[in-house]
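As a plain string of letters, each chain reads:
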Amino acid sequence: MTKRYLLAALFLVLPFMAGTNVSHAADFLMDLKAKAEKVTSIQSRFTQEKHLSMFDEVLISEGSFAFQRPSSLRWEYTTPFKAGFLLTGNTGIEWDEAAQTKREFSLKSSPIMAMVAQQIMAWTTFDIAWLKSRYDITRTGTAPTILDLRPKGEGARKMLTRIIIRFAQDDTTIDSLELREVDEDFTRITFMDRAINTPLSDTLFTSVQ
């Protein structure tokens, strides 16, 4: 469950702009930051495919997520299991229906969730120093734009070898991303029905129901 949440945090890459490559990384990041600053909320459904090298079957799950500035998040799996977490500021709730667990947490008492929050804030505010210190970013495709992000840190490389982000044709939103793991397993998350800057209920980030 923890690994799933860490991967989930990585997807919070808000609308990108095209025209990026490693030689123009500074311009790209500035464009990215300017675009992200206009996003106050985001809500979407997603389908997640888990491809395991030792199995032919692809594990598919579905869910939804919501984000609202400055620091509210909800990530929720709804099919075939129900689990997720919500976060507002420094406190949140994590639940897993199969395990019949629901617990409150604070970022001070939960280092893992604190790490998730750090990821979220860095991506949503596009902390340029943070991005440049953690990823090598290369554009590997156009129409649609495809970006290849490779972690620099030894700890991150033990979990992920790369993140592949594919954009919509207009390069304003993300169609899907792939999280490639060191054992050749990978997770693909495809987004749909995205709503940007729409009003969201506060209870979405404070109540499991």
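Our subject is the structure listed above.
Everything quoted here is computed from the prediction, not taken from an experiment.

**A short note on the sheet that holds strand β8 (residues 146–151)**
- One open sheet accounts for 11 strands, arranged β6-β5-β4-β3-β2-β1-β11-β10-β9-β8-β7; its pairing is antiparallel. A single partner strand is all that each edge strand has here, and the edge strands are β6 (101–106) and β7 (135–141). In this sheet, adjacent strand axes meet at a mean angle of 20° when their direction is disregarded.
- Where strand β5 (residues 91–96) and β6 come together, six bridges link them in antiparallel fashion. In the strand pairing of β6, Gly-92 is matched with Phe-105.

**Digging into the side chain of Arg-74**
- Among the secondary structure elements, Arg-74 is positioned in strand β3 (residues 72–79).
- Residue classification places Arg-74 among the buried residues on the basis of a relative accessible area of 5%.
- Not counting the four nearest positions on each side in its chain, Arg-74 is found in contact with Ser-64, Phe-65, Ala-66, Phe-85, Leu-86, Trp-95, Thr-203, Leu-204, Phe-205, Ser-207, Val-208 and Gln-209.

**A closer look at the packing of aromatic side chains**
- The tally for this structure, following the rule as stated, stands at six aromatic pairs.
- Between the aromatic rings of Trp-75 and Tyr-77, the centroid separation amounts to 5.9 Å while the plane-to-plane angle is 80°, which identifies the pairing as edge-to-face. Just as Trp-75 is buried, Tyr-77 falls in that class too.
- Pairing Tyr-77 with Phe-81 gives two aromatic rings, centres 5.2 Å apart and planes at 40°, and the pair type is tilted.
- Each residue in the set Phe-46, Phe-65, Trp-75, Tyr-77, Phe-81 and Phe-191 is aromatic and connected to the rest through ring pairs, giving one cluster.

**Observations concerning the pattern of salt bridges**
- Taken as a whole and judged by the stated rule, the model has 11 salt bridges.
- Residue Arg-150 pairs with Asp-148 through a salt bridge whose shortest N-O separation is 3.2 Å.
- For Asp-148, a relative accessible area of 5% gives the class buried.
- For Arg-188, the salt bridge is made with Glu-178, and the minimal N-O distance between the two is 2.9 Å. A residue pair is termed long-range when its members are at least 10 positions apart, and Arg-188 in strand β11 (residues 186–196) and Glu-178 in strand β10 (residues 174–181) qualify at 10 residues.
- Look at Arg-188 and you get partly exposed, because its relative accessible area is 22%.
- In the salt-bridge network here, residues are joined through shared partners; they are Glu-49, Arg-166, Glu-178, Arg-180 and Arg-188.

Calculation criteria
- Residues numbered from 1 in each chain as written.
- Predicted model: local features only at pLDDT ≥ 70, side-chain atom pairs only at ≥ 80, totals over all residues.
- Heavy atoms only, no water.
- Pairing = 2+ DSSP bridges.
- Helix = DSSP H or I, 4+ residues; strand = E, 2+ residues; numbered from the N terminus.
- Axes fitted to C-alpha atoms, helices over the stretch in contact; angles between N-to-C directions.
- Buried < 20%, exposed > 50% of the residue type's maximum accessible area, 1.4 Å probe, protein only.
- Contact = heavy atoms within 4.5 Å.
- Phe/Tyr/Trp six-rings, centres within 6.5 Å; stacked < 30°, edge-to-face > 60°.
- Salt bridge = Lys/Arg side-chain N within 4 Å of Asp/Glu carboxyl O.

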